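Spelled out, the chains give:
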Amino acid sequence: MPEITVKEFDKFRELIHQKAGISIADNKIQLVQARVGRRLRFHDMDSFNEYYKLVVDDKSGHEMVQLLDAISINLTSFFREPSHFQFLNEVLPRVMEEKKKSGSSRIRTWSAGCSTGEEPYTLGMNIGEHCGASGGWDAKILATDLSTRVLAEAQAGVYHGDKVRSIAPHLVKKYLTQGTGEWSDNFRVSSQLSAMVVFRRLNLMDSQYPFKGPFDFIFCRNVMIYFNREFQQKLINRFYDYIGPGGYLFIGHSESLTSLDHKFKYIRPTVYQK
Ligand SMILES: C[S@@+](CC[C@H](N)C(=O)[O-])C[C@H]1O[C@@H](n2cnc3c(N)ncnc32)[C@H](O)[C@@H]1O
């Protein structure tokens, strides 16, 4: 495998930034070498420049999708940053009460940057616990990501037992099924849970999104951290437009909106309301 040169590294990070808004720090040359290197190996190429040319010349956009898949960081877990789900439990009854008053039974949530599905399924379990019991609710979660690789995993909905450990046992019992035989270390999300979640590929950089909203809740956690300020600003304005009045935006615990201009009301660290 060739060593990536600083010039090649800069070309790739410029391209990745332009296409996906992802900013790659100066000290990430090894990461780019390793991740983009996989694509070189796949094509049996021995030059980063040659691979760069392949990506930009591929009019189908397929290789660009593969490159972004290789570079994206997909760390996630069930009930990650649990205070968000506690807060959701606190506000859901009031949100539902207001919906009832206005004659609506729709609860819409968007998990933007959903990775391998743990976040939207966690949302499904939480919301299902509120909406399932009283019946008649139309609760759906739109789960989007840039990476087709993580979306395929999310859609399969099969998780190793280690990953399921952060889910309360009564929820595991209700929303997941343990495999048998050689699959006994794995759990599959139930059809009830998967029916609540719709997965779609979406690049948050796209100039138009193929849906209208409005959403009651947007979760965009640990995604904006990879974007520069200009794109974060754009995204926050768009999220504001996509959230219905009184709806909430949740961002990751290492993220903040303090350096951005926005119209959201601050509720608590990482939680905002329209
Ligand atoms: C670290 S994961 C966060 C997963 C989950 N939200 C959480 O907090 O556990 C970040 C996800 O953002 C996605 N992502 C990065 N850039 C994106 C873009 N431009 N459009 C859509 N998704 C993007 C990545 O593919 C990755 O799956």
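Residues numbered from 1 in each chain as written. Predicted model: local features only at pLDDT ≥ 70, side-chain atom pairs only at ≥ 80, totals over all residues. Heavy atoms only, no water.

Enquirer: Lay out the overall build of the chain with the relevant residues and their values.
Expert: What the chain contains, in helices and strands, is eleven helices and ten strands. Taking 2.2 N^0.38 as the reference for a compact globule, 274 residues should give roughly 19 Å; the C-alpha atoms of the chain span a radius of gyration of 20 Å, in line with that estimate. Projected onto the principal axes, the alpha-carbon positions of the chain cover approximately 60 × 55 × 30 Å. Counting the 274 residues in the chain, one finds 50% classified as buried. Considering only residue pairs separated by 6 or more positions, the chain has 74% of its internal contacts joining residues 24 or more positions apart. Surface exposure of the chain reaches about 13700 Å², of which carbon and sulfur atoms provide 52%. Averaged over its 36 positive side-chain charges, the chain has a centre that lies 6 Å from the centre of its 31 negative ones. (Helix = DSSP H or I, 4+ residues; strand = E, 2+ residues; numbered from the N terminus. Rg over C-alpha atoms; globule rule 2.2 N^0.38 Å. Buried < 20%, exposed > 50% of the residue type's maximum accessible area, 1.4 Å probe, protein only. Contact = heavy atoms within 4.5 Å. Areas by Shrake-Rupley, 256 points an atom, 1.4 Å probe, with all protein chains shown as cover. Lys, Arg positive; Asp, Glu negative; His and termini not counted. Charge placed at Lys NZ, Arg CZ, Asp CG, Glu CD.)

Enquirer: Got a sec to walk through the sheet that holds strand β4 (residues 176-178)? Specific residues and values, please.
Expert: Across the sheet, three strands lie side by side as β3-β5-β4; this open sheet has antiparallel pairing. Edge positions in the sheet fall to β3 (158-160) and β4, since each has one partner strand and no second. With direction set aside, neighbouring strand axes in the sheet form an average angle of 30°. As paired strands, β3 and strand β5 (residues 186-189) are joined by three bridges and run antiparallel to one another. Paired with V158 across the bridge in β5 is R188. (Pairing = 2+ DSSP bridges. Axes fitted to C-alpha atoms, helices over the stretch in contact; angles between N-to-C directions.)

Enquirer: Lay out the site of the ligand with the relevant residues and their values.
Expert: As a structural note, the neighbourhood of the ligand is formed by 22 residues, with A20, T76, G113, D145 and N222 the closest of them. Note that an oxygen atom of the ligand is positioned 2.9 Å from one of the side-chain N or O atoms of N74. A distance of 2.6 Å is found between an oxygen atom of the ligand and a side-chain nitrogen or oxygen belonging to D145. Taken by itself the ligand offers 610 Å² of open surface, and the protein chains cover 99% of this. Because more than half of its atoms lie within 2 Å of the grid, the ligand is assigned to the largest pocket. (Near = heavy atom within 4 Å. Polar contact = N/O pair within 3.5 Å; in protein donor to acceptor, adjacent residues only side chain to side chain. 1 Å grid on protein atoms, 1.4 Å probe; cavity = no way out; pocket = protein on both sides within 12 Å on 5 of 7 lines; lining within 4 Å. Sits in = over half its atoms within 2 Å of the grid points.)

Enquirer: If you had to explain the domain arrangement of the chain to someone new, which residues and values would you point to?
Expert: It is common to give the size of an interface as the accessible area lost on bringing the parts into contact. Domain annotation for the chain reports domain 1 (6-71) and domain 2 (83-273). For domain 1 versus domain 2, the distance between C-alpha centres works out to 29 Å. On the side of domain 2, eleven residues touch domain 1, which itself brings ten residues to the contact. It is G21, V65 and D69 that lose the most area in domain 1 upon contact with domain 2, and together they represent 44% of the buried surface on that side. Scanning the region where domain 1 abuts domain 2 turns up zero salt bridges. At the junction of domain 1 with domain 2, the criterion picks out seven residue pairs in polar contact (both at pLDDT 80 or more). At the level of secondary structure, the elements contributing two or more residues to the side of domain 1 that touches domain 2 comprise α1 (6-20) and α4 (62-71). The greatest single-element share of the side of domain 1 that touches domain 2, amounting to four residues, is contributed by α1. The residue makeup of the side of domain 1 that touches domain 2, split by class, is four nonpolar, four polar and two charged. (Domains from an automatic or database assignment. Buried area = accessible area lost by both parts, 1.4 Å probe. Salt bridge = Lys/Arg side-chain N within 4 Å of Asp/Glu carboxyl O. Nonpolar A, V, L, I, M, F, W, Y, C, P; charged D, E, K, R; others polar.)

Enquirer: Could you give me a rundown of the packing of aromatic side chains, with the residues and numbers involved?
Expert: On inspection of all chains with the given rule, the structure shows 26 aromatic pairs. The interplanar angle of 80° and the centroid separation of 5.0 Å between the aromatic rings of W110 and F211 together place this pair among those described as edge-to-face. Within this pair, whereas W110 is found in strand β1 (residues 106-112), its partner F211 is found in the loop between β6 (197-201) and β7 (215-220), the two being separated by 101 residues in sequence. Side by side, W110 and F211 carry an identical accessibility label, which is buried. The rings of F79, F85, F87, F217, F219, Y248 and F250 are connected pair by pair, giving a single aromatic cluster. In this structure, K11 is placed above the aromatic ring of Y52, and the distance from its NZ or CZ to the ring centre is 4.6 Å. Lying across the ring of Y240, K274 places its NZ or CZ 4.6 Å from the centre. (Phe/Tyr/Trp six-rings, centres within 6.5 Å; stacked < 30°, edge-to-face > 60°. Lys NZ or Arg CZ within 6 Å of the ring centre and 35° of its normal.)

Enquirer: How would you sum up the pairing of strand β2 (residues 138-145)? Please name residues and give values.
Expert: Of all eight residues that make up β2, six are buried, and the element is covered over most of its length. As judged from the seven bridges shared by β1 and β2, these two strands associate in the parallel manner. Following the sheet pairing, S111 is matched in β2 by A143. Note that β2 and β6 share five bridges and pair parallel. Following the sheet pairing, I141 is matched in β6 by V197.

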